[in-house]
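# Tertiary structure, described
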Amino acid sequence: MTLVAKRRDDYRAPDFTITDVALDFVLAPDSTRVTSELKVSRQGSHSKSLYLDGEQLTLLELSVDGSAAQDYQQTESGLTINNVPDTFTLRIVTEVNPADNKALEGLYLSNGVYCTQCEAEGFRRITYYLDRPDVLAKFTVKITGDKASLPTMLANGNPLESGANDDGTHWILWQDPFPKPAYLFALVAGDFDQLTDTFTTQSGKSVALELYVDKGKRSRGEFALEALKRAMRWDEETFGLEYDLDIYMIVAVDFFNMGAMENKGLNVFNSKFVLADQDSATDEDFFNVESVIAHEYFHNWTGNRVTCRDWFQLSLKEGLTVFRDQQFSSDMTSPLSNRIKQVRVMREHQFAEDASAMSHPIRPDEVIEMNNFYTVTVYDKGAEVIRMMHTLLGVDGFRAGMDEYFRRHDGQAVTCDDFVSAMQSATDIDLGHFARWYSQSGTPQLALARAYNEQTDTVTVTITQRNAPTADQTEKAALFIPLQIEFIDATGQHVTPDQAMYADNLLIVDKDTTTLTFTGKGSAITPVALGNFSAPVKLTSDLTPAEWLHTFRFANDAFSRWDAIQQLYNWCIEQYYQQQPHAVDENIWQGLYQAVEASLQETEILGECLVVPSFETLCQSRSNIDVHALNTARKAFSEALAEQLADLLLTIYQANQTDAYDYQPEQVRARRCKNVVLGLLAQLPECKDRIIAQFEASDNMTDTLGALKAAQHHDLVLFSNLMNSFEQRWHDDPLVLDKWFSLHATCERGDILAQLTLLRQHPQFSQQNPNRVRAVVGSFAFYNTTGFHADDGSGYRFLTDYLLELDKQNPQVASRLVTPLTQWQHYSSTRQDLMKRQLARLLEDSGLSKDLYEKVSKALAYGNDC
Ligand code: B3K
Ligand code: ZN
């Protein structure tokens, strides 16, 4: 199979545009009829035919200005209509089969609910259309459906009229006054419980808020509705952005490929990111609900009012909207734990992507399947790039740039360059060099080294920047990197360099080498670099373990204090990995003990500092990895840490017991700290009773899950017992049971493949439900280190067998799950061969989806040609 990639450079403005769309849906499970009336007009002077995208559609009628079209050709991917007038009305009648749609793209029916997902290119599975984001039209939508089973029928915008027919059906007409690209179209029909509220905007407009959830789940929707109001208020206060329609609807559905979708006025959500109460949801779930609700709401301006010109510009809306939701979450909860969470995603996942065959700039240049580019690079690194602009411009400058962006581009489909140019107008610094972050892929590596000249009493700090070639680009250039940095002397006092920096504690690293000097300040200067993770880079330095502890003690930046402990852990684990655990000597253990002892009152940083870096994070600073040796080293260090700190850990565990559950920051921090500590203590033999006690006394899902995770690391019999009792309680609640599925799938045990087979036979498992598949197969492939990386390759084979099946139904989900197999580059060569053998099996499948084909073929080609 050879599939042609689309290239960013090949962008051409559309030959035709559509200004008005009238859609008429008559819903039926296997034969939904879609009538579309389009006002089409030629753009510019040319005589080309009109080409419309369309896939998996049955064409029933086609007419131009009322006369049946004669001169047209149909292919598997579209429709060409020849000799059309300059402006005309096109009427298209098609039929689709929602019940048969297991890919969950376009219009699909699952669990009795009709639902659409159009981004990126799903609208073409509903009707023939100019399915590209730079064609903006006003939509009206009529829906007709069975009144008894589909009492609720929703589309974008405002409801205009509705009525009943004699045949047991009813209909409703919706109108969206804002021109929009087809990817923002949505339709939902089903039978839901509804929550309602109102929000009064800063200018005094009243907006109806409506949240639709599965029958019986009403009370689990209340938190999401409150979160929505907080997000609406925050966007007014922070960016002056107000909601524009009279009604804002959110529907929670059980079958959804991703987290949620920002369709204009009608967000569709994976129920996982809406439903939450203390019994069924963890603190993390509550956090995620608030953050995803906010993210989709923020898209109303950054994505919908100003949208993307083409899909290569995806980060224009996603990077910016992620940054906005991060700022919101940080304001609602706490800056430090948020920043750590974001950095973990970068270090665990984005750095891995950048080092793999799928490496791409935040604005990709070449794409085969757009759905493959909703990545941690476009989203999370994209947000880091926006954050760097925020750092460079400052809060007010950034706000001025955003205001200018909306002033220039409201109602338009634009590019990342347009965004940078609006930001440029608000700053004196030239963003020309900075903009290279949009076009260059890969993780820059900064190395920091010191030299002391005794004669002049000068310390020279040299920072070198290296941008190694990536799978997609061989040529690299230095980037413009804002590096937050502070310097501490031997007594813990802060010192400043001889040279002026960009701002207090902010150094611009924009060349291969940057140097600073310190004269007359002694030889012992500890640089604390990458404060607040001010740029998405990897940093190595010549700091000693004692200096990491010194940094923890004296640095001003809280993130740097946390990071210092992480770097120290990384160093210690390396000693275990190199078979020299004694290098982690008494001084280090004592230093760590004192650091923890001194921080007993600082619950938040303490909880985060006691988390040992994940296996995935450890992989990002190593190559040619012996998986089992590294995993064992990590565990051995973690166990030693628990032993060394045992009495302090018990004190922390006791001190952080919380009262009756409430989702509020202080309690969240205490529970986090307590459960991290329980996870460490679980490695010690005497912890069993404590785990059982917590499990039995728990009045909330956070503590219950904390106990289950601890049991997973403690002993298999205890784990099985607690898991059985959990299953009895939650067996008819699939969303909660996903946690149970996932805990089983991540359990490191010899018979894991047999366990996975059992899980797949569980009555609540369904291959058609992405949440279930991610809970079982995703958890295994991403997080079960010993099982997935079994030496005989059985873990890789299991994933491959599964993907060969899943790909036939749901290519998007299959393509996400193949990721761990494509990231073979970290490991030793025998392991690489085992992984590539399975990738090759996938590629042999002649019916492989575009989605898998793109990732698998790249993963196999990587390394062969360089
Ligand atoms: N824009 C959607 C993601 C669409 C993914 C298409 N495969 C959700 C979001 O980022 O808000
Ligand atoms: Zn988004």
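Residues numbered from 1 in each chain as written. Chains lettered and ligands numbered in written order. Predicted model: local features only at pLDDT ≥ 70, side-chain atom pairs only at ≥ 80, totals over all residues. Heavy atoms only, no water.

This paragraph deals with the pattern of salt bridges. A side chain of one charge can pair with a side chain of the opposite charge when the charged atoms of the two come close. For the coordinates displayed, the defined rule picks out 56 salt bridges. Here lysine 317 makes a salt bridge to glutamate 318, at a shortest N to O gap of 2.6 Å. By relative accessible area, which is 1% here, lysine 317 ends up buried. Linking aspartate 801 and arginine 841 is a salt bridge whose minimum nitrogen-to-oxygen distance equals 2.6 Å. Of this pair, aspartate 801 sits in helix α22 (residues 794–809) while arginine 841 is found in helix α25 (residues 829–844), placing the two residues 40 residues apart along the sequence. Salt bridges sharing partners connect three or more residues here, namely Lys6, Asp53, Glu121, Arg124 and Asp131. (Salt bridge = Lys/Arg side-chain N within 4 Å of Asp/Glu carboxyl O. Buried < 20%, exposed > 50% of the residue type's maximum accessible area, 1.4 Å probe, protein only. Helix = DSSP H or I, 4+ residues; strand = E, 2+ residues; numbered from the N terminus.)

This next bit is on the coordination of the zinc ion (ligand 2). Think of it this way: four donors in a tetrahedron around the metal ideally sit 109.5 degrees apart, and six in an octahedron ideally sit 90 or 180 degrees apart. Only His295 (NE2), His299 (NE2) and Glu318 (OE) from the protein coordinate the zinc ion (ligand 2), and they sit 1.9 to 2.1 Å from it. In primary-sequence terms, the residues that donate to the zinc ion (ligand 2) follow H-x3-H-x18-E. You can see histidine 299 sitting in the loop between α2 (283–298) and β22 (307–308) and its partner glutamate 318 sitting in helix α3 (residues 314–332), a full 19 residues away along the chain. Owing to a relative accessible area of 1%, glutamate 318 belongs among the buried residues under this scheme. (Donors = N, O, S within 2.8 Å, 3.2 Å for Na, K, Ca; no water.)

Here the structure, examined in full by the defined rule, presents 43 aromatic pairs. Between the aromatic rings of phenylalanine 780 and phenylalanine 798, the centroid separation amounts to 5.5 Å while the plane-to-plane angle is 85 degrees, which identifies the pairing as edge-to-face. Taken together, the residues span a long stretch of sequence, with phenylalanine 780 in helix α20 (residues 770–783) and phenylalanine 798 in helix α22 at a distance of 18 residues. In this pair, the class of phenylalanine 780 matches that of phenylalanine 798, namely buried. Put simply, the rings of Trp234, Phe239, Tyr243, Tyr248, Tyr297, Phe298, Phe323, Phe328 and Phe398 touch in pairs and so form one group of aromatic residues. Taking NZ or CZ as reference, lysine 264 lies 4.3 Å from the ring centre of phenylalanine 178, over its face. Its guanidinium or amino end placed over the ring of phenylalanine 287, lysine 341 lies 3.8 Å from that ring's centre, counting from NZ or CZ. (Phe/Tyr/Trp six-rings, centres within 6.5 Å; stacked < 30°, edge-to-face > 60°. Lys NZ or Arg CZ within 6 Å of the ring centre and 35° of its normal.)

The next thing to look at is the UniProt feature "domain: Peptidase M1 alanyl aminopeptidase Ig-like fold" (unreviewed entry) in the protein. Within this structure's numbering, the places UniProt gives as "domain: Peptidase M1 alanyl aminopeptidase Ig-like fold" (unreviewed entry) are residues 442–541. Helix makes up 0% of residues 442–541 and strand 45%, with an end-to-end C-alpha separation of 20 Å. (UniProt positions renumbered as here; feature names shortened; annotations may be inferred.)

Moving on, we get to the side chain of aspartate 563. Mapped onto the secondary structure, aspartate 563 falls in helix α9 (residues 558–577). Its relative accessible area of 7% is what places aspartate 563 among the buried residues. For aspartate 563, the side chain forms a polar contact with the side chain of arginine 347, separated by 2.8 Å. (Polar contact = N/O pair within 3.5 Å; in protein donor to acceptor, adjacent residues only side chain to side chain.)

We now examine the site of ligand 1. As a matter of local geometry, ligand 1 sits amid 14 residues, with Glu119, Glu262, Glu296, Asn371 and Tyr379 nearest to it. The separation between an oxygen atom of ligand 1 and a polar side-chain atom of histidine 295 is 3.1 Å. Contact distances for ligand 1 include 2.9 Å between an oxygen atom and a side-chain N or O atom of glutamate 318. Here ligand 1 has 340 Å² of accessible area as a free molecule, and 94% of this is covered by the chains. The set of elements that each furnish at least two residues to the shell around ligand 1 consists of β20 (260–261), α2 and α3. Per-domain counts for the shell around ligand 1 show at least three residues from each of domain 2 (196–287 + 296–305) and domain 3 (308–438). (Near = heavy atom within 4 Å. Areas by Shrake-Rupley, 256 points an atom, 1.4 Å probe, with all protein chains shown as cover. Domains from an automatic or database assignment.)

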